Amino acid sequence: MTFATESDLPVKISVRNIFKIFGERPESALALLNSGKTKAEIHDATGCTIGVNNASFDIRSGEIFVIMGLSGSGKSTLLRLINRLIEPTSGAIEIDGRDVAQMPKSELIALRRRDISMVFQSFALLPNRTVLDNAAFGLEVAGTGESERQKRARAALKAVGLDGYGDSRTDQLSGGMKQRVGLARALATDPTVLLMDEAFSALDPLIRAEMQDELMRLQAEHSRTIVFVSHDIDEAMRIGDRIAIMQNGEVVQVGTPDEIVLQPANDYVRSFFRNVDVSQVFRAGDVARQTQVTIIERQGVSGAAALERMEHFDRDIAIILGRDKTYRGMVSRNSLIETSRNGGSDPCRRAFLQDIEPIPASECLSNVLGKVAACAFPVPVVDEANRYLGSISKSALLETLDRTA
C-alpha cells in the first residue's frame, strides 16, 4: 500500500514570471529591471514602484500556502494578483490550468463567484445587516435565491462556531467573532480557493491562536486550497504546509517550515527565525526521519532474517510494521538474539522493546524533548491511523533546535 504525499497532489494555482509595476511608465521600469537595475534606481529613474518581481511557484490543491515578508515586500500585492483584483504587468497565473490574467471580464467574475473567496484583515462586515445576512452576502451578489443562501449561510456560521448568532447585529460581536463572520461569508460560497490577507493580525494573541486552530480544523473537515498572507513567522510556521518568503517584491524561498528553518536561502530569511522558539512551532511529524530499518510483520519473517537485514544496513534497531504500514513495535539486535536463544514461535513479536511508546505526529516538539532524551533509541512517530511516519533521534532533534547548525 502506498500513501499520497504533498508532492503527489495536483497543482491548483501556478504562478509564472509575474511582474507588477505601479506607475505610469511600467514598460520603461520593466526594461530597467531586466537590465539589472535595483528597485530604488528604477524608482528614481521612472517614478515606478516594483510591487512583484518575477514571481514563480506552484500551489498544490488542498494545501495551506503562506506568503510572508516584511511590510512592503509585496505579499499582499501578490495575493491580489491571484484573483486579479490587481492587474499584472506581465506573466501568467493559472487556476486549474486557466490563465486568470487573460480571462475576459465575464469569465473572471464567474471564477470569483464560483471558485474564489477572500477574507480581509478588517473584517469588512456590513454594519446595517445581521450576522446571517453578512454571511450570505457573497451568495446574494452571485444571485442565489434567498432560501438557499440563508440555508448555506447558516451552515457556514455553524461551521465556524456561530450557530445561533444569525439574528445578532455585528456591533454586538467581539473582534474574534466578527472575523468568524468574515470567514463564514467566504465559506458560504463553497470556494475551492480561499485567499486570506493578514486575516488574523488585528486580533489579540489568544483569539488569534483560536482562529488559527479554527482554520486548521475547518481544513481537516473540508480541504481547500488556502493562500494566507502573514507577516508573523510563528503564524506562518503553525498553519502553513509551505511558506513563500518575499523580499523587495521577489520570492526568495519556498519550502516547508522545516526546510526554511534548516536551510534558509539568505540572511534575510534567517533573520525571521532569530526569536522563534521552534519547539513550540514544530510537531513531531516535522522532525521524524525514515532512516531506520523497517520490517513487514508477516509469516516467514524470522528473527534471523530480521537480524540479517539490520546488519546489512548497519542498524541496531528495526521498526516492525503491519502490511498497511501500521506500527507494531521496535526490536533491537540484542532483543532478537535473546528471544532466538529461548526458542518458540513469533520471535520478532516477543523481541519487542518494552516501554517505548510511539509519539503522535501532531505532538508539539516541546512535549517530545523529554521522551527523546530519556530513550536509548530513536522514538517512532505515527499518524492518527497509527501508520509509521519515521523516528526522531537525538541528533535530528538537536539539528532542528539548533537553527544555525
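Residues numbered from 1 in each chain as written. Predicted model: local features only at pLDDT ≥ 70, side-chain atom pairs only at ≥ 80, totals over all residues. Heavy atoms only, no water.

Trainee: Would you explain the sheet that holds strand 14 (residues 359-360) in this entry?
Mentor: The strands making up a sheet associate through backbone hydrogen bonding, with each pair oriented either parallel or antiparallel. Across the sheet, which stays open at both edges, the three strands sit in the order 14-15-16 with mixed pairing between neighbours. Either end of the sheet is taken by a strand with one partner, and the two such strands are strand 14 and strand 16 (388-392). For strand 15 (residues 379-382) and strand 16, the ladder comprises four bridges, and the chain directions are antiparallel. Each residue of the ladder has a partner; that of V381, found in strand 16, is G390. (Pairing = 2+ DSSP bridges. Helix = DSSP H or I, 4+ residues; strand = E, 2+ residues; numbered from the N terminus.)

Trainee: Please explain the sheet that holds strand 4 (residues 90-95) as it appears in this structure.
Mentor: Read across the open sheet, the four strands follow the order 2-1-4-5; overall the sheet is antiparallel. The strands lining the two open edges of the sheet, one partner per strand, are strand 2 (49-60) and strand 5 (98-99). Across the sheet, helix 1 (residues 26-34) is in contact with strand 1 (11-22), strand 2 and strand 4; its angle to strand 1 comes to roughly 105°. (Contact = heavy atoms within 4.5 Å. Axes fitted to C-alpha atoms, helices over the stretch in contact; angles between N-to-C directions.)

Trainee: I'm lost on the confidence of the model for the protein in this one. Help?
Mentor: Low-confidence regions, as indicated by low pLDDT, have predicted coordinates that should not be scrutinised in detail. In the predicted model, the protein carries a mean pLDDT of 87, and 95% of its residues have values of at least 70. Under a pLDDT of 50 for its full length, residues 1-5 has, in the predicted model, five contacts with residues more than four places off or in other chains. (pLDDT = per-residue confidence, 0-100.)

Trainee: Can you walk me through helix 9 (residues 205-221) in this structure?
Mentor: In this model helix 9 runs 24 Å from its N-terminal to its C-terminal C-alpha over 17 residues, within 8% of the 24 Å that 1.5 Å per residue would give. Buried within helix 9 are the following residues: R208, M211, Q212, E214, L215, L218 and Q219. For helix 9, the buried positions fall inside an angular range of 160° around the axis, keeping them on one side. Seen from the buried face of helix 9, the exposed residues on the opposite side, beyond 90 degrees, are L206, A220 and E221. Where the residues of helix 9 are buried, they touch strand 3 (64-69), helix 7 (146-159), helix 8 (175-188), strand 7 (193-197), strand 8 (225-230) and helix 10 (233-239). The N-terminus of helix 9 is capped by D204, whose side-chain oxygen sits 3.2 Å from the backbone nitrogen of L206. (Expected span 1.5 Å × (residues − 1). Buried < 20%, exposed > 50% of the residue type's maximum accessible area, 1.4 Å probe, protein only. Arc of directions from axis to C-beta. Polar contact = N/O pair within 3.5 Å; in protein donor to acceptor, adjacent residues only side chain to side chain.)

Trainee: Whenever I open this one, the UniProt feature "domain: ABC transporter" (unreviewed entry) in the protein confuses me. Can you help?
Mentor: What UniProt calls "domain: ABC transporter" (unreviewed entry) maps, in this numbering, to residues 30-273. The span residues 30-273 shows a helical share of 43% and a strand share of 22%, and its end C-alpha atoms are spaced 33 Å apart. (UniProt positions renumbered as here; feature names shortened; annotations may be inferred.)

Trainee: Before we go on, may I ask you to explain the pattern of salt bridges in this structure?
Mentor: Any two side chains of opposite charge can pair, on the condition that their charged atoms come close. Evaluation of the coordinates by the stated rule reveals 21 salt bridges. Salt-bridge contacts for E214 lead to R180; the nearest nitrogen and oxygen are separated by 3.5 Å. Taken together, the positions of E214 in helix 9 and R180 in helix 8 put the pair 34 residues apart, joining distant regions of the chain. Since its relative accessible area comes to 10%, E214 is described here as buried. R180 sits in the buried class, given a relative accessible area of 15%. Salt bridges here are not isolated pairs; linked through shared partners, they connect R180, E214, R217 and E221. (Salt bridge = Lys/Arg side-chain N within 4 Å of Asp/Glu carboxyl O.)

Trainee: In this structure, what is going on with the domain arrangement of the protein? I would like to understand it.
Mentor: Frequently, the measure chosen for interface size is the accessible area that the parts lose on association. Looking at the assigned domains, one finds that the protein contains domain 1 (61-85 + 97-276) and domain 2 (285-403). With seven residues of domain 1 at the interface, the matching set in domain 2 holds five residues. For the domain 1 face of the interface with domain 2, the top three residues by lost area are D258, V261 and L262, together amounting to 72%. Between the two partners, domain 1 and domain 2, sit zero salt bridges. (Domains from an automatic or database assignment. Buried area = accessible area lost by both parts, 1.4 Å probe.)

Trainee: Please clarify how the packing of helix 15 (residues 303-312) against helix 16 (residues 333-342) should be interpreted in this entry.
Mentor: Two quantities define a packed helix pair, namely the angle between the axes and the distance from one axis to the other. Two elements in contact, helix 15 and helix 16, have axes whose closest approach is 10 Å; the angle formed by their N-to-C orientations is 155°. When the axes of helix 15 and helix 16 are compared, the pair comes out roughly antiparallel. Regarding helix 15 and helix 16, the two cross each other, and that crossing is left-handed. Only R333, L336, I337 and S340 of helix 16 make contact with helix 15, whose side of the interface consists of G303, A306, L307, M310 and E311. For the contact of helix 15 with helix 16, the per-class residue count stands at five nonpolar, two polar and two charged. (Parallel < 35°, antiparallel > 145°, perpendicular 65-115°, else oblique. Left-handed = near helix turned anticlockwise from the far one by under 90°. Nonpolar A, V, L, I, M, F, W, Y, C, P; charged D, E, K, R; others polar.)

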